[in-house]
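Chain by chain, the residues:
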Amino acid sequence: MAVLWLDEVDADDIDTVGGKAASLGELIGAGLPVPPGFVVTAGTYRAFIEEAGIDDELFEVVDVDPEDSAALRAGAEAASELIMGTDFPESVREEVLESYRSMGEDGTEAFVAVRSSATAEDLPDASFAGQQDTYLNVREADLLRRVKECWASLFTQRAIYYRQRKGFPHDEVDIAVVVQRMVDADTSGVMFTSHPSTGEPRLIIEAAWGLGEAVVSGTVSPDNYVYDRSRSAVDDVTVADKKVMMIKDPETGETVEVDVDDDRRTERVLSDEEIEALVALGERVEDHYGVPQDVEWAMYEGDIYMLQSRPITTIQESSGGVAAGAAGTDGSGRGTNASDAAGAAGNGDANAADTADATADVLVHGLGASPGIVSGAVRIVTKLDHLDQVQEGDILVTEMTMPDMVPAMKRAAGIVTDEGGMTSHAAIVSRELGVPAVVGTGTGTRDLQNGQPITIDGDKGTIRAGADEDAQPAEEFEPVEAARPQTPVKPMTATEVKVNVSIPEAAERAAATGADGVGLLRIEHMVLTLGKTPEQYIRDHGARAYQDELVEGVRGVADEFYPRPVRVRTIDAPTDEFRELEGGDDEPVEHNPMLGWRGIRRSLDKPDAFQQELAAFARLFDMGYDNIELMFPLVNDAADVEGAKRHMNEAGIDPEKHTWGVMIETPASALQIEELAAAGIDFASFGTNDLTQYTLAVDRNNEHVADRFDELHPAVLTLIGDTIATCRELGVDTSICGQAGSKPEMAEFLVEEGVSSISANIDAVRDVQHEVKRVEQRLLLDSVR
Ligand code: PEP
Ligand code: MG
């Protein structure tokens, strides 16, 4: 028997018919309305490759190095050619076609969905699920080809990649194919039989006109209905403006997008009676499985069809709801998402069937801190000694990142933190690494679960359940290439556009941007990753060894940019960060370390380590690095600058012969700019991360006030604008090296005010260059008009 009818199988038949078919069979067995269909069994696929004698070759061609993208591509192509180039066995062909023909009504050809149903979908890694194809509106002429294409989709690059990386043998996964009657849906959507995050008996339905693909692809915002099961009443109705819908083109059978008639756009999709019918169905499904379900449904001429049901895996035990766990009917192990509406009833596009998408529930919100969308399994890190658990491609979830976490951050596909704002360690480092990040979620470490597949959007600051097929695994990034501007011609600007660097490893990416130099090289990372406070390190290894570490770290960046200038800042880490290190027990416990003993204050009060820092710079100057400039953090007034100058002289660095300057990070330093200039600074660089927090009294790392952290606040801009004006009069260069330098609005303001340079994040350099050029040209035009 090459095929089995869906009503002949149930949840125990995963090995024979794959997860999806087993789940559909189970629903039919429970008396639930599922469109009819049959399944070309996994054994049929296996017999096909074995009888044709292509099995050994097939598994050999896909046994490639997963990190070698060319080999991966070649493997996938070879596998596809082997399968597509082999004829369907005659007996199987007849059985499939006969089964298909029996689904036609009144002599017409049935439109069917051809859906992959792999036997390994229940592996804990979501990436196994949803990688295989689904084809909609298929008729006899294409049926056998589509079945073979489903088989071949077991060997897409992505599927090969994941199996190779997980060490999962290719020959242990088989694939069945479901052939199921399409439902020409009048309306369709998804239903959560209980609240997806709290587990309360509040049933949620999303609904739109036509086929579900519009909902799945995010093309349309669906209506939202909330039904209180304890009161048996509709609680809340939100009617969306549904501009478009998907329908089957009556002539070609293809799924097409059409405009919704004006009068139906804001009309309710579901009546109260229809909601109640769906609720009754939802309750039956939940009763059948004993856990809340995420159901996809469609309605045609008043009849409801269920296209898929799977347990909701996002309900939190702590919230008193039901922890559904990963026990799946289709065993996909995925989190809650609304994406599989692309299923049998033809409510989706060919490949969107099993992946997270824009309609999936947002599990957690935060600040989009480093751009990019990426999927991976959650890896919660609570202590430093758990770091080796973070595997390539995982999403690192932690309260706040620390410098010691950088190796794990590099391995991670994405980063999520509970705490912190746009200028936190996590935000800065992930941007430099080119790893998407969402920070300041507040509850990420509690709301997400280890191993749970999620998709993070580092632009929007959202974390959704499930894997997104379009999300690029981190391993496929080519970090340096990704940083290289796509438009090869660098805009020529009078205002210099530089780049910030916080980890020496990012130097190559930073230089690839074509920036005019480094506006801020932070050395904290080089020091904190030593694992010891500077004092302890010097005690244990000697002053020279400490200098060596700094010389090596700075040199790497200075070489990468030579002869472009690299502005290196002396150390500015708060006591709470030093306290984490060996020797940190002596650090004072401060009520608010941001307002405490950091930057130049510490360096002047505790000059031993500061002296060694300066000695390292003196060595670099001796080595010929005349592109290095020195910058002092968190100065308030001329006394701070005089102190720094004294130590420079002591270290053998002549302030007259080298370029050096200060950060403007406190309102005091902005207001004291004339005195600072008189003390001899060559430049003043706005550290807007601190300047904003001190001007607005908004702790930059406190997610509770993150929405009040506004670098473009008029008070901040006034301080900056006035400082630039004074510096221009006094011949002092001005720059910005805070995060705000990456914002086009800030760039526009600064250029108008006459700033000398702007230093931006790696990912923002090219945009800032264009913005600067635009504003400069406008100013020039204005001046001649
Ligand atoms: C700043 O304060 O804007 C700055 C660049 O310094 P850091 O973020 O290292 O405090
Ligand atoms: Mg600062």
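It should be noted that the structure appears before, not after, this text.
A short tour of the structure in this document, coming up. (Residues numbered from 1 in each chain as written. Chains lettered and ligands numbered in written order. Predicted model: local features only at pLDDT ≥ 70, side-chain atom pairs only at ≥ 80, totals over all residues. Heavy atoms only, no water.)

### Side note on the overall build of the protein
Part 1 of the reasoning: A tally of helices and strands in the protein yields 28 helices and 29 strands.
Part 2 of the reasoning: Counting across all 785 residues of the protein, residues that qualify as buried make up 59%.
Part 3 of the reasoning: Expressed as a percentage of contacts within the protein between residues at least 6 apart in sequence, the contacts between residues at least 24 apart total 67%.
Part 4 of the reasoning: Here the protein has roughly 30,000 Å² of accessible surface; of this, 46% comes from carbon and sulfur atoms. (Helix = DSSP H or I, 4+ residues; strand = E, 2+ residues; numbered from the N terminus. Buried < 20%, exposed > 50% of the residue type's maximum accessible area, 1.4 Å probe, protein only. Contact = heavy atoms within 4.5 Å. Areas by Shrake-Rupley, 256 points an atom, 1.4 Å probe, with all protein chains shown as cover.)

### Notes on the packing of aromatic side chains
Part 1 of the reasoning: Enumeration over the complete set of coordinates arrives at nine aromatic pairs.
Part 2 of the reasoning: Between F88 and W151, the aromatic rings sit 5.4 Å apart at their centres with planes inclined by 20°, giving stacked as the arrangement. With a gap of 63 residues between them, F88 in the loop between helix 4 (69-84) and helix 5 (90-101) and W151 in helix 6 (residues 140-152) connect regions that are remote in the sequence. Like F88, the residue W151 is buried in the burial classification.
Part 3 of the reasoning: The interplanar angle of 70° and the centroid separation of 6.2 Å between the aromatic rings of F610 and F632 together place this pair among those described as edge-to-face. One end of the pair, F610, is in helix 21 (residues 607-622); the other, F632, is in strand 25 (residues 628-632), and 22 residues separate them in sequence.
Part 4 of the reasoning: We classify F610 as buried; its relative accessible area is 1%.
Part 5 of the reasoning: What links up through ring pairs into an aromatic cluster is the set Y45, F48, F88 and W151.
Part 6 of the reasoning: Across from the ring centre of F111, 3.7 Å away, lies the NZ or CZ of K248, which sits over that ring.
Part 7 of the reasoning: Positioned above the aromatic ring of F683, the side-chain terminus of R567 is 3.5 Å from the ring centre. (Phe/Tyr/Trp six-rings, centres within 6.5 Å; stacked < 30°, edge-to-face > 60°. Lys NZ or Arg CZ within 6 Å of the ring centre and 35° of its normal.)

### A word on the side chain of S759
Part 1 of the reasoning: Structurally, S759 can be placed in strand 29 (residues 757-760).
Part 2 of the reasoning: Residue S759 is classed as buried on the basis of its relative accessible area, which comes to 0%.
Part 3 of the reasoning: Among residues more than four places away in sequence, those in contact with S759 are K498, V499, N500, G519, L520, I736, C737, G738 and G741.

### Remarks on the coordination of the magnesium ion (ligand 2)
Part 1 of the reasoning: Listed as protein donors to the magnesium ion (ligand 2) are E665 (OE) and D690 (OD); their distances from the metal cover 2.0 Å. With E665 in the loop between strand 26 (660-664) and helix 23 (667-671) and D690 in helix 25 (residues 688-696), the pair connects residues that are 25 residues apart, well separated along the chain. Of the two residues, E665 and D690, both sit in the buried class. (Donors = N, O, S within 2.8 Å, 3.2 Å for Na, K, Ca; no water.)

### Looking at the sheet that holds strand 26
Part 1 of the reasoning: Strand order around the closed barrel formed by eight strands is 22-23-24-25-26-27-28-29, with parallel pairing between neighbours. Direction aside, neighbouring strands of the sheet carry axes that sit 30° apart on average.
Part 2 of the reasoning: One ladder, built from four bridges, connects strand 24 (residues 566-569) with strand 25; its direction is parallel. The partner of V568 across the bridge, within strand 25, is L630.
Part 3 of the reasoning: Across the sheet, helix 21 lies against strand 24 and strand 25, angled at about 160° from strand 25, the strand it touches most.
Part 4 of the reasoning: On top of the sheet, helix 26 (residues 714-730) reaches strand 27 (683-686) and strand 28 (733-736); it is set at about 165° to strand 27, its chief contact. (Pairing = 2+ DSSP bridges. Axes fitted to C-alpha atoms, helices over the stretch in contact; angles between N-to-C directions.)

### Let's talk about helix 6
Part 1 of the reasoning: End to end, helix 6 covers 19 Å across 13 residues, agreeing with the expected 18 Å (1.5 Å per residue, within 8%).
Part 2 of the reasoning: Within helix 6, burial applies to L143, L144, V147, K148, E149, C150, W151 and A152. (Expected span 1.5 Å × (residues − 1).)

### Comments concerning a negative patch on the surface
Part 1 of the reasoning: Together, E257, D259, D261, D262, D263 and E267 make up a negatively charged patch on the protein surface.
Part 2 of the reasoning: Listed by contribution, the elements that provide at least two residues to the negative patch are strand 11 (255-259) and helix 9 (262-265).
Part 3 of the reasoning: Of note, D259 is situated in strand 11. (Patch = residues over 30% accessible without salt bridge, like charges linked within 9 Å, V, L, I, M, F, W, Y side chains within 5 Å. Salt bridge = Lys/Arg side-chain N within 4 Å of Asp/Glu carboxyl O. Lys, Arg positive; Asp, Glu negative; His and termini not counted. Charge placed at Lys NZ, Arg CZ, Asp CG, Glu CD.)

### As for the pattern of salt bridges
Part 1 of the reasoning: What the rule picks out here adds up to 38 salt bridges.
Part 2 of the reasoning: Close ionic contact of K410 with E505 constitutes a salt bridge, the shortest N to O distance being 2.8 Å. Remark: E505 occurs in the loop between strand 22 (496-501) and helix 15 (507-512) and K410 occurs in helix 11 (residues 406-411); sequence separation between them is 95 residues.
Part 3 of the reasoning: When its relative accessible area of 39% is taken as the criterion, K410 is described as partly exposed.
Part 4 of the reasoning: Here D457 and K460 are joined by a salt bridge, their closest N and O atoms 3.3 Å apart.
Part 5 of the reasoning: Taken together, the shared-partner salt bridges connect D142, R145, R146 and E149 into one network.

### Structural notes on the site of ligand 1
Part 1 of the reasoning: Around ligand 1 sit 13 residues in total, of which R522, R569, G687, N689 and R700 are the nearest.
Part 2 of the reasoning: Between ligand 1 and R569 there is a distance of 2.8 Å, counted from an oxygen atom to a side-chain nitrogen or oxygen.
Part 3 of the reasoning: With respect to ligand 1, the backbone of N689 contributes an N or O atom lying 2.7 Å from an oxygen atom.
Part 4 of the reasoning: Here ligand 1 loses 96% of its free accessible area of 290 Å² to cover by the protein chains.
Part 5 of the reasoning: Residues belonging to the shell around ligand 1 are distributed by class as follows: three nonpolar, four polar and six charged. (Near = heavy atom within 4 Å. Polar contact = N/O pair within 3.5 Å; in protein donor to acceptor, adjacent residues only side chain to side chain. Nonpolar A, V, L, I, M, F, W, Y, C, P; charged D, E, K, R; others polar.)

### Some remarks on unusual backbone geometry
Part 1 of the reasoning: Omega for the bond connecting Y562 with P563 falls within 30 degrees of zero, at 5°, which places this linkage in the cis form.
Part 2 of the reasoning: Position of P563 among the secondary structure elements: in the loop between helix 18 (543-561) and strand 24.
Part 3 of the reasoning: Here N137, not a glycine, exhibits a phi torsion of approximately 50°, which is positive.
Part 4 of the reasoning: The class of N137 is buried, set by a relative accessible area of 13%.
Part 5 of the reasoning: You will see that A697, though not glycine, has its phi angle at about 55°, which is positive.

### Examining the environment of F683
Part 1 of the reasoning: Considering the arrangement of structural elements, one finds F683 in strand 27.
Part 2 of the reasoning: Overall, the relative accessible area of 1% leaves F683 in the buried class.
Part 3 of the reasoning: In the structure, F683 is positioned 24 residues away from T659 in sequence and 8.1 Å away in space, judged by C-alpha atoms.
Part 4 of the reasoning: Excluding anything up to four places from it in sequence, F683 contacts R567, E629, L630, M631, T659, W660, G661, V662, V732 and D733.

### A look at the packing of helix 17 (residues 534-541) against helix 18
Part 1 of the reasoning: Between helix 17 and helix 18, whose axes approach to 6 Å, the crossing angle comes to 125°. With respect to each other, helix 17 and helix 18 are oriented oblique. Here helix 17 contributes P534, Y537, I538 and H541 to the contact with helix 18, which in turn contributes A543, A545, Y546 and E549.
Part 2 of the reasoning: Grouping the constituent residues of the contact of helix 17 with helix 18 by class yields six nonpolar, one polar and one charged. (Parallel < 35°, antiparallel > 145°, perpendicular 65-115°, else oblique.)

### Some thoughts on the environment of G434
Part 1 of the reasoning: Mapped onto the elements of the fold, G434 is located in the loop between helix 12 (425-433) and strand 19 (437-439).
Part 2 of the reasoning: Exposure remark for G434: the relative accessible area of 24% places this residue in the partly exposed category.
Part 3 of the reasoning: The spacing of G434 and K410 is 24 residues in sequence and 9.0 Å in space, taken between C-alpha atoms.

### Concerning the sheet that holds strand 13 (residues 303-311)
Part 1 of the reasoning: Judged by pairing direction, the sheet is antiparallel, and its six strands sit side by side in the order 9-8-7-6-12-13 without closing on themselves. With partners counted over all chains shown, the strands left at the sheet margins are strand 9 (233-238) and strand 13, one partner each. Averaged over neighbouring strand pairs, the angle between their axes works out to 20° when direction is ignored.

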